[in-house]
Amino acid sequence: MSTRRAAGLRAWTLQRISAIYLGLFFIYLLSHFIISPPASFDEWRLWVADPRMSMALLLFFFSLLIHAWVGVRNVLIDYIHPFGLRMTLLTLLGLGLIAFGVWGLQVVMLARIA
Amino acid sequence: MTTNTKRPIHLDLRRIRFPLNAIASIGHRISGVLMALATPAAIYLLDMSLSGPDGFGAVKELLHSGLGQLGLFLLLWAMMHHLFAGIRCIAIDLDWGVEKPVFVQTALGVLAAAPLAALVLWGLL
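Figured I'd write up the structure that's included with this text. Note that the structure is predicted; figures quoted are calculated from it, not measured.

## Here's the deal with the overall build of chain A
Stage number 1. Helices and strands together make up the secondary structure of chain A, namely four helices and zero strands.
Stage number 2. When the helices and strands of chain A are read in sequence order from the N terminus, they spell out α-α-α-α.
Stage number 3. For 114 residues, the compact-globule estimate of 2.2 N^0.38 gives 13 Å, and chain A exceeds it by more than 25% at 18 Å.
Stage number 4. The principal-axis extents of the C-alpha atoms in chain A amount to approximately 50 × 25 × 25 Å.
Stage number 5. The buried share of chain A, taken over its 114 residues, is 18%.
Stage number 6. Long-range pairs, those at least 24 residues apart, make up 73% of the contacts in chain A with a sequence separation of at least 6.

## Details of the overall build of chain B
Stage number 1. On a plain count of helices and strands, chain B comes out with four helices and zero strands.
Stage number 2. Reading chain B from its N end, one meets helices and strands in the order α-α-α-α.
Stage number 3. A globule of 125 residues ought to have a C-alpha radius of gyration of about 14 Å, yet chain B, at 19 Å, is considerably larger.
Stage number 4. Burial statistics for chain B: of 125 residues in total, 22% are counted as buried.
Stage number 5. Considering only residue pairs separated by 6 or more positions, chain B has 74% of its internal contacts joining residues 24 or more positions apart.

## Description of unusual backbone geometry
Residue and element names in this part refer to chain B.
Stage number 1. Omega for the bond connecting Lys100 with Pro101 falls within 30 degrees of zero, at 5 degrees, which places this linkage in the cis form.
Stage number 2. Relative to the helices and strands, Pro101 resides in the loop between α3 (66–93) and α4 (102–124).
Stage number 3. Residue Asp95 is not a glycine yet carries a positive backbone phi of 75 degrees.
Stage number 4. Here Asp95 shows up in the loop between α3 and α4.
Stage number 5. On the basis of neighbour count, Asp95 is assigned to the exposed category, with 8 C-beta atoms found within 10 Å.

## Here's the deal with α4(B)
Residues and elements named next belong to chain B.
Stage number 1. With 23 residues, α4 extends 31 Å from end C-alpha to end C-alpha; this agrees with the ideal 33 Å at 1.5 Å per step.
Stage number 2. Bending of α4 peaks at approximately 25 degrees at the position of Ala113, with proline Pro115 no more than four residues after it.
Stage number 3. Regarding α4, the residues found buried are Thr106, Ala107, Val110, Ala114 and Ala118.
Stage number 4. Each element contacted by the buried residues of α4 is listed here: α1 (20–49) and α3.

## Here's the deal with the environment of Leu64(A)
Stage number 1. Tracing the chain through its elements places Leu64(A) in helix α3 (residues 51–79).
Stage number 2. Distance from Leu64(A) to Leu29(A), taken between C-alpha atoms, is 14 Å for residues 35 residues apart in sequence.

## Details of the environment of Met79(B)
Stage number 1. Along the chain, Met79(B) turns up in helix α3.
Stage number 2. In contact with Met79(B), other than residues within four places in its own chain, are Phe26(A) and Met35(B).

## Some details on the interface of chain B and chain A
Stage number 1. Each partner contributes residues to the interface: chain B has 23 residues there, and chain A has 25 residues.
Stage number 2. Every element with two or more residues in the side of chain B that touches chain A is listed here: α1, α2 (53–64), α3 and α4 of chain B.
Stage number 3. Looking at the side of chain B that touches chain A, the element that brings in the most residues is α1(B), giving ten residues.
Stage number 4. By residue class, the composition of the side of chain B that touches chain A is 16 nonpolar, five polar and two charged.

## Comments concerning the packing of α3(A) against α1(B)
Stage number 1. Across the interface, α3(A) lies against α1(B) with an axial gap of 10 Å and an inter-helix angle of 125 degrees. Classified by the interaxial angle, the pair formed by α3(A) and α1(B) is oblique. Once α3(A) is placed against α1(B), the crossing between them reads as left-handed. Within the contact between the two elements, α3(A) uses Ala68(A), Gly71(A), Val72(A) and Val75(A) and α1(B) uses Arg29(B), Gly32(B), Val33(B), Ala36(B) and Thr39(B).
Stage number 2. Broken down by class, the residue content of the contact of α3(A) with α1(B) amounts to five nonpolar, three polar and one charged.

## Remarks on the nonpolar core
Stage number 1. Judged by nonpolar contacts, the single largest core of 17 residues is most densely connected at Phe60(A), Leu64(A), Ala68(A) and Trp69(A).
Stage number 2. At the level of secondary structure, the elements contributing two or more residues to this core comprise α1 (9–35), α3 and α4 (83–113) of chain A.
Stage number 3. Among the elements that make up this core, the one with the highest residue count is α3(A) (nine residues).
Stage number 4. With residues near it in sequence (within four places) discarded, Trp69(A) still touches Leu93(A), Gly94(A) and Leu97(A).
Stage number 5. Counting 13 residues, the second-largest nonpolar core is a separate cluster that includes Ala24(B), Ala78(B), Met79(B) and Ala118(B).

Definitions and limits used
Residues numbered from 1 in each chain as written. Chains lettered and ligands numbered in written order. Predicted model: local features only at pLDDT ≥ 70, side-chain atom pairs only at ≥ 80, totals over all residues. Helix = DSSP H or I, 4+ residues; strand = E, 2+ residues; numbered from the N terminus. Rg over C-alpha atoms; globule rule 2.2 N^0.38 Å. Buried ≥ 20, exposed ≤ 12 C-beta atoms within 10 Å, placed from the backbone. Contact = placed C-beta atoms within 7 Å. Expected span 1.5 Å × (residues − 1). Bend = angle between axes of the 7 residues up to and from the residue. Nonpolar A, V, L, I, M, F, W, Y, C, P; charged D, E, K, R; others polar. Axes fitted to C-alpha atoms, helices over the stretch in contact; angles between N-to-C directions. Parallel < 35°, antiparallel > 145°, perpendicular 65-115°, else oblique. Left-handed = near helix turned anticlockwise from the far one by under 90°. Core = buried A, V, L, I, M, F, W, Y, C linked by C-beta atoms within 7 Å.

So, to be careful, I would describe these as geometric facts and stop short of saying anything about function.
What follows is the structure, encoded as structure tokens:
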């Protein structure tokens, strides 16, 4: 896909789109926890299990994975120069982020069927 | 497109000067890496809080403990810095605040507003 001219443009765009969703959703989350913090387990679980909330949370996790991948990848490429170490860390980052994504998906889905 | 390979590139943190905008910028990175590292802990807490009334109570207690409150404040600070620095970054992409002195003023704004906003949110939460 990438010609040298456009190299990095996709990462740049993804970083900004994910940033806007993450920022807006984070503001919503903070407002919710300040205005009406969950008083009981049932209230908390029902809030997460609400289909709109579940969807918004999963989108949040997905945006977070993309955002963290682009961001931490940039940091690693800037500061880690030995090729083998850089590749190892990038691989661990990618696998770790996928694992967190699956874990988050599981937590939200389990809250829905509980 | 040709690249001038002779331009001086060095990312040696000991050789780089750190004016305000550089501090805001490195803070953007540090806060991002910090939050990335905190992600597994956050999912773990979410998992525990949704595991049942006991887990919910345990997470609530943990967040209200001294260590939990400290962690919460640091993460809020990181979050606010990252959010404000990110908004500044997008503004610069849109050609707003690219020139001095606005460029430096907004950097100072990010550095000062982040801990203040974190403190206010920390008090409210």
